[in-house]
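Read off the chains here:
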Amino acid sequence: MNSMIFTASARILFALMLAASIFILWRGHDEPGGGFVGGLVASMALAVVALAEGVPRARRMLRIHPMSLAGLGVFLGFVSGLPGLLIDGSYLTHQWVFFPNGFKLGTTMVFDIGVYLVVLGGMLALVFRLYEDAP
Amino acid sequence: MNLLLSQALIWPVVLPLATAALCALAWHRPAIQRWISLGGLTLMLAASILLLVQVETEGTQTVAFGSWPIPFGIVFVADRLGAAMALITAVLALAIAVFGLADIRRRQEHAGFHPLYLGMIAGVAGAFLTGDIFNLYVWFEIMLITAMGLLAIDRTRTQLDGTIKYAVLNLLGTLLFLLAVAILYGVTGTLNMADLGRVLSESEPSAALALVAAMFLVAFGIKAGYFPLFFWLPASYHTASIVVSAIFAGLITKVGVYASFRVFTLMFSVDEGGIRELVAVMAAGTMLFGVFGAAVQWDIRRILSFHIVSQIGYMMLGLALATPAAMAGAVFYIVHHIIVKANLFLAAGAIYRATGTYDLRKAGGLMGSHPILALLFAIPALSLAGIPPLSGFWAKYMVIDAAFADSAHWLAGVGLFVGLLTVFSMSKIWVEAFWKTPPLERKHARRVPMAMLVPMAILGLVTLTIGFAPEPFVLYADATATSLLDPKTYIEAVLGPQAGLDLGEQQ
Amino acid sequence: MSLVTVLILAAAGSFLGWRLSALGGVAGRLLPVFVPAGLFVSFLFHWPVITTGGVVTDMHAWVPSLGVALNLRLDGFSYLFTLLITGIGSLVTLYAGAYFADAPGEHRARFIFLILIFMTAMLGTVLSDNLIVMFVFWEATSLTSFMLIGFDARKPEARRAALQSLLITAGGGLALFGAILLIGLELGSFSLSNAATSAGQLAQSPYLAGILVLLFLGAFTKSAQFPFHFWLPQAMAAPTPASAYLHSATMVKLGIYLLGRFDAAFAQVPAFGITLVVVGSLTMLIAAFNALRATGYKAVLAQSTVASLGILVMLIGLDGEVAAVATAGFILAHALYKAALFFCAGTAIHATHIAELRKLGGLVRFLPFTAAAAVLASFSMAGLPPFVGFISKEYLFEAQLESGWNVVPVVVAVVVNGIMVAVAGVVSLRPFFLGRDKISKVDHGETLGLLFGPLLLGILGIVMGLIPGQVTRHLVGPAATALYGAPIDTSFSLWHGITPMLFLSLAAVGLGAVLAWKWTPIHDALRAAAWTQKIDADRIYHKTVAAILGIARGSTRWLQNGDQRRYTAIVLAMLLASCLWVIWRTGSFALPEFDTILPLPALLLIAAFVGALVAAQANSLIAALIGVGIVGYGSALLFVLNGAPDLALTQFAVETLVLVVIMAVLLRLPTRTQTTRTKTEHRFDAAIAIGFAGIVFIGLAAMLAIPFDDRISLFYGETSYTEALGHNVVNVILVDYRALDTLGETAVVAFATMGAWALLRRRRTDRKG
């Protein structure tokens, strides 16, 4: 399992999956996708690293504790509602910024990133614990 | 600031949720979590007071999340009942969190005590304030999950056993709830509770709706600890750490009671489909078998756990009668009981701190060694036993008087008899833990820290206030009951006056 | 001073007395006495109003919405009580200071505090005109009684007796509470004085039987009437000053007080009087008999107290003016001599540490003044002239002869009074004068504090007997008038002339003399007889308690037996029963028309059905898992067929994930499960499962019969892009329309992993449990 090839390919796989996850997250508002699936894919990306190079390595790459990640996710969900409160006087009313080229960006994205992070943190917590335990 | 004030309704839920997230963010820093938690709960208390004032001065408050027109988005609604429950949740959460400063161990903090605790508070407050039946389900789920995490926080064998019993039955209840919501949505096409109240009052009787009503009753009954659905409660509460037991004892079951009150006044009626008879039988069984269970226990926490069940029966009595007086009594009972029961569990924790045991046979002598603890125990214990003029007396008075007035003499009789057995249990704890010479004399009595005594004293003070000056509380409960039994006020507050008018013509 | 001020001062004075008595020395013993004594004096100021037949009232609001007002009312009857409560309370406080002279200051202070709090509660009870307020104080007396009986908490018998008295009196209290609520329901107010004038309405009330039974329960438990007479002798575990105060002079008379208050209200109900006469007579017979058997000094006194209470209950049951006078007079006389005798008993026991009457003797050498007080008090108790007890006994016989009752109660009264005479003789002669060689030394002589109370009470007994006119005019007369409800022309005099009553008194005294002379053989014979053990009411009480606890234990063992599957089965059975009941009561079975069968969904459903069967029947976990999997994938395919690819995708993912996770867990478990369910249980489970499936089917079918209201999904479809700026409606629902649900669900995920994170932590060396 610990062969060089596997390790090297795991790195590539990791990068690809992470990129895919961010893409899925991004397009979620208009096409199938979204934070939930994106987070699942991202967690699989890190799971691959954990499998290939061990949990400690994966945790170092993550830098932040998976539970903190989940906490951050929920917190972002909370934060995404605040602009609506301040501008419209109504919590969770999403606000949008329009760019001249038709490009639009809303607080929904912050919310979705929150979902993404929670799923990522949650799945990773399980993965790390289970793989840690493995002999 | 103005915005914060105008949206006071969301903060009792959103604040603990956000602080829970912050605590998780500071996962490795229990000390920081502790202060975040206390800060968040203090703000929550402030917001809840504000909310209650708003409800009292301006009437029922409604907030539509995302400013979607009702009933298309999710709404929070605070009427008198919801606001009062949110306030009492905040009071209790803060008091118990302070008690926790002296009781929660580092290991439990590392296992995520603070975020789980705050999450549970958010779930409870959310359940009290939401105006959307599916959203209520979400808060139930949060309570379920955080409760499981809190119950199993020490990972001991007994805790895991208790957690499993808690999980199986509560999961069953939550699933039933979901199934009921699904069928309800299928019938009505709406999830907004006020809208449901409007639609259901116009709809023909149907087997589907009857089934939904029965499933709601059982689902909430499991959560509330009704007879014969309460098994998880005495099987799990005594295994948890005492702070967890205390917050559970105060709040979790009351969410079930609240939900059944809400659903069976706003959406369904106890007068239809034999719900009244069902609730009456369950109420009598709950009172009786709860107190029977308590009478034969020796572990303080088990005694108290069974008494939760028994006391829930008195609240159900209110729903079974569903007269304004009875509902007022039940509302008063809920408020009184949340404070008193949580305080008794805290007292149990302090007794444990002082004697090193929860087993009454092994404890003793606290009257001499810890007179202040004796006093702080006596206040909630006497109140629970219904000794006048403490809060429990007025609660029993209102409920039993309503039963007599409604010619439900047998229910009143059961209530009185159960009162006697409650006196028995409380005096048993008193005699064994406080009077008796302990079988094994401790070398030096252990001090009970101030962080434990102060929250108990504050909760005791609340009990005494309700006891000696019950009038404002009775008036509040009366007003609450009147509006509960007249769903038009709730529906109009959420959907606008027109909806209520339609309903008025219908009835 | 207004009445409520008196109550507030009494309560505040309790705390003051508590701190004062913690002081050492004479100050600690004397200063607290000023609290009850001051209250006594303050009541004396109401004397002019009361003697002229007036009433003092004091009204305050408390809980108007519940009809509870702090209405206080002082009439002749409660006046008699307030004077007894504060007067004897002062003497008890003084006596207790001396009694606990050697005890630690805190100990004594706690006792004095309880005594004073009790006094406050007593005053509140007899002053309240609102039944609920009266009940508040009534329960407070029970509670302080509990604390005082168990004051010496290290003694198991003290704790037992305390618990017993609490259960009996609190149980009675709850009954009384029920009676009060019913009275309030009938009359529309809790006013006691209103109840007394509503006799007609009460007699017609549909609740009459309930009110009477509950009221009797409340009064009989408090005043230790048959069949609740046994708790009072047990209560003698309390320190003697408390026994003198609570369990003879004041608290136990509350039941009498209550019955007296309702005498006028139930004047038109014959059952009221009959019950009281019968119960009172029975109680006094039993108690008199028990007095002959009792061994302890205080126990003999306690039994005689029960007998006296029986006499009082009987007197209230009798009609007529004389009965009212006799009741008031006897309450006064009894309080005076019984408290004095308890004081003497306390001093004797305190001096010798011997509680048994037979082991005491010749104490007159060491306690001469106490002996004198005992003799004075016992003369009054025996009803000898010129003591006040004589006069009250004359009235007792007169009341009986005047009422319409037959001869039986009279005979009972004579016998009981005879035994009372004997008891009076025995408790004063034996310990102090007979058996001179039994006691050689005492640990604790008589001090002024110990002497003052009994001597004063003993002397009052004779003084009041000598000036009966004054006593009548100022004390007994107003009380009897208030009790009777109409002015009474009383002539409370020492010498009535040669009357039938005099002969009855003579007969009683003669009988008593014989009994006192033959006390020892009678006592021994009664103790030896086995049959007396069997009718011990105390045993019946314990059997009742054991029976209730037995039911509790049995039901709890059956319900809460620790078997998770049992719990689940009961819950599901209840669910099924509720659903059936509610659907049946609703009685509507509008089902949709089934005309076409869609082949593909039908096939999927059959597959899912098979899967469910496999899961239910499988003995191997893996087979069960596959069965469940089939159900899951089947429903996912159904989603596909119904045009919900998003849902189907999620369902597939979740199913797979669940399968994988559970498989991973299963690898560590044995694949074969041992079934612990019996065949019957299996059938029960199957019946529940099938029943529930059937009900859900009916429910869903009925749901389909109702046209679906799709305004919400239409709204989502229309506004998803125009207002929420998203083409993916599912995502917009998740992050916008119902963002709060999603926020909550993300929190669920976070919390779930938190729990799992903690649970899955690798076990280190600490494998404690």
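Residues numbered from 1 in each chain as written. Chains lettered and ligands numbered in written order. Predicted model: local features only at pLDDT ≥ 70, side-chain atom pairs only at ≥ 80, totals over all residues.

1. Side note on the overall build of chain B
Of regular secondary structure, chain B possesses 23 helices and two strands. Rg of the C-alpha trace for chain B: 22 Å, near the compact-globule value of 23 Å for 507 residues, within the 12% margin. Oriented by its inertia axes, the alpha-carbon framework of chain B measures out at about 75 × 55 × 40 Å. Counting every position in chain B, which comprises 507 residues, the buried fraction comes to 73%. If you take every contact in chain B between residues at least 6 apart in sequence, the share linking residues at least 24 apart comes to 79%. (Helix = DSSP H or I, 4+ residues; strand = E, 2+ residues; numbered from the N terminus. Rg over C-alpha atoms; globule rule 2.2 N^0.38 Å. Buried ≥ 20, exposed ≤ 12 C-beta atoms within 10 Å, placed from the backbone. Contact = placed C-beta atoms within 7 Å.)

2. Overview of the overall build of chain C
Along the backbone of chain C there are 34 helices and two strands. For 769 residues, the compact-globule formula gives about 27 Å, and the C-alpha radius of gyration of chain C, at 38 Å, lies well above that figure. On the principal axes, the C-alpha backbone points of chain C span a range of 115 × 65 × 50 Å. At a minimum sequence separation of 6, the contacts of chain C that also span at least 24 residues come to 78%.

3. Overview of the interface of chain A and chain C
Counting residues at the interface gives 30 residues for chain A and 23 residues for chain C. Across the side of chain A that touches chain C, the residue classes tally to 12 nonpolar, 11 polar and seven charged. (Nonpolar A, V, L, I, M, F, W, Y, C, P; charged D, E, K, R; others polar.)

4. Looking at helix 3 (residues 30-58) of chain B
Compared with an ideal rise of 1.5 Å per residue, which puts 29 residues at 42 Å, helix 3 of chain B spans 41 Å between its outermost C-alpha atoms and is within 8% of the ideal. Gly59 of chain B lies just past helix 3 of chain B and shows a positive phi near 90°. (Expected span 1.5 Å × (residues − 1).)

5. Topic: the packing of helix 10 (residues 207-224) of chain B against helix 31 (residues 679-704) of chain C
Helix 31 of chain C packs onto helix 10 of chain B with a crossing angle of 130° between their chain directions and a minimal axis gap of 7 Å. Judged on the interaxial angle alone, helix 31 of chain C and helix 10 of chain B are oblique. The two elements helix 10 of chain B and helix 31 of chain C cross, and the hand of that crossing is left-handed. Residue-level inspection shows Ala207, Ala208 and Leu211 of chain B of helix 10 of chain B in contact with helix 31 of chain C, the latter providing Ile695, Ile698, Gly699, Ala702 and Met703 of chain C. When the residues that make up the contact of helix 10 of chain B with helix 31 of chain C are grouped by side-chain class, the tally is seven nonpolar, one polar and no charged. (Axes fitted to C-alpha atoms, helices over the stretch in contact; angles between N-to-C directions. Parallel < 35°, antiparallel > 145°, perpendicular 65-115°, else oblique. Left-handed = near helix turned anticlockwise from the far one by under 90°.)

6. So, unusual backbone geometry
Across residues other than glycine, the phi torsion is negative in most instances, and most of the peptide bonds are trans. Looking along the chain, the bond that leaves Ile70 of chain B and enters Pro71 of chain B is cis, with omega of 10°. The omega torsion of the bond from Phe227 of chain B to Pro228 of chain B falls at -5°, within 30 degrees of zero and hence cis. The residue Pro228 of chain B is located in the loop between helix 10 and helix 11 (232-236) in this model. Unlike most non-glycine residues, Leu92 of chain A shows phi in positive territory, near 65°. In this structure, Leu92 of chain A sits in the loop between helix 5 (82-87) and strand 1 (96-98). Despite not being glycine, Ala322 of chain B has its phi angle at roughly 55°, a positive value. Along the chain, Ala322 of chain B turns up in the loop between helix 14 (300-321) and helix 15 (324-355). For Ala322 of chain B, a count of 23 C-beta atoms within 10 Å corresponds to the buried category.

7. Some words on the confidence of the model for chain B
All names here are of chain B. Summary statistics for chain B give a mean pLDDT of 92 and a share of 96% for residues scoring 70 or more. Looking at the elements of chain B, mean pLDDT is at its lowest for helix 23 (residues 497-506), recorded as 53, and at its highest for helix 6 (residues 113-129), recorded as 96. Within the model, pLDDT remains below 50 along residues 503-507, and this stretch shows seven contacts once partners closer than five positions in the same chain are excluded. (pLDDT = per-residue confidence, 0-100.)

8. What to know about the pairing of strand 2 (residues 68-74) of chain C
All names here are of chain C. Of all seven residues in strand 2, six are buried; the element is thus mostly enclosed. Here strand 1 (residues 56-63) pairs with strand 2 via seven bridges, running antiparallel. Counterpart to Val63 in the pairing with strand 2 is Val68. As consecutive antiparallel partners, strand 1 and strand 2 are separated by four residues, and within that stretch Gly67 has a phi angle of approximately 75°, a positive value. (Pairing = 2+ DSSP bridges.)

9. Overview of the environment of Thr347 of chain C
All names here are of chain C. Within the fold, Thr347 resides in helix 17 (residues 321-352). Along the backbone, Thr347 and Leu725 are 378 residues apart, and their C-alpha atoms lie at a distance of 94 Å. The residues touching Thr347, leaving out its near neighbours within four places in the chain, are Leu367, Thr370, Glu446 and Leu450.

10. Some words on helix 8 (residues 156-187) of chain C
Residue and element names in this part refer to chain C. The terminal C-alpha atoms of helix 8 lie 46 Å apart, and with 32 residues this matches the ideal 46 Å at 1.5 Å per residue to within 8%. Of all 32 residues in helix 8, 26 are buried, a share of seventy percent or more. Looking one or two residues past helix 8, Gly188 carries a phi angle of roughly 80°, positive in sign.

11. Considerations on the UniProt feature "domain: NADH:quinone oxidoreductase/Mrp antiporter transmembrane" (unreviewed entry) in chain B
UniProt's entry tags residues 132-422 of chain B with the feature "domain: NADH:quinone oxidoreductase/Mrp antiporter transmembrane" (unreviewed entry), counted in the numbering of this structure. Helix and strand shares over residues 132-422 of chain B are 80% and 0% respectively, and the end C-alpha atoms of the span are 37 Å apart. (UniProt positions renumbered as here; feature names shortened; annotations may be inferred.)

12. Looking at the pairing of strand 2 (residues 75-78) of chain B
Residues and elements named next belong to chain B. Neither face of strand 2 is exposed, since Val75 and Val77 on one face and Phe76 and Ala78 on the opposite face are all buried. Bridge count between strand 1 (residues 61-64) and strand 2: four bridges; the pairing is antiparallel. Along strand 2, the bridge assignment pairs Gln61 with Ala78.

13. Concerning the confidence of the model for chain C
Residue and element names in this part refer to chain C. Model confidence for chain C is summarised by a mean pLDDT of 87, while 95% of its residues fall at 70 or above. Throughout residues 765-769 the model reports pLDDT below 50, and contacts reaching past four residues in sequence, or to other chains, amount to three contacts. The complex model carries a pTM of 0.93, and its ipTM stands at 0.93.

14. Focus on the UniProt feature "domain: NADH-Ubiquinone oxidoreductase (complex I) chain 5 N-terminal" (unreviewed entry) in chain C
Those residues carrying the UniProt feature "domain: NADH-Ubiquinone oxidoreductase (complex I) chain 5 N-terminal" (unreviewed entry) are residues 65-108 of chain C in this numbering. Between the end C-alpha atoms of residues 65-108 of chain C there is a gap of 42 Å, over a span that is 64% helix and 16% strand.

15. Some thoughts on the environment of Met236 of chain C
Residue and element names in this part refer to chain C. Inspection of the secondary structure puts Met236 in the loop between helix 12 (231-234) and helix 13 (240-249). Along the primary structure Met236 and Gly184 are separated by 52 residues, whereas in three dimensions their C-alpha atoms are 36 Å apart. The contacts of Met236, once residues within four sequence positions are left out, are Ser243, Gly296, Lys298, Ala299 and Ala302.

16. Remarks on the packing of helix 18 (residues 368-382) of chain C against helix 21 (residues 448-466) of chain C
All names here are of chain C. The interhelical angle for the contact between helix 18 and helix 21, taken along N-to-C directions, is 35°, at an axis separation of 8 Å. Considering how the two elements wind past one another, helix 18 and helix 21 form a crossing that is left-handed. Of the residues in helix 21, those in contact with Phe369, Thr370, Ala373, Leu376, Ala377 and Ser380 of helix 18 are Leu451, Pro454, Leu455, Leu457, Gly458, Ile459, Gly461 and Ile462. Taken together, the residues that form the contact of helix 18 with helix 21 break down as 10 nonpolar, four polar and no charged.

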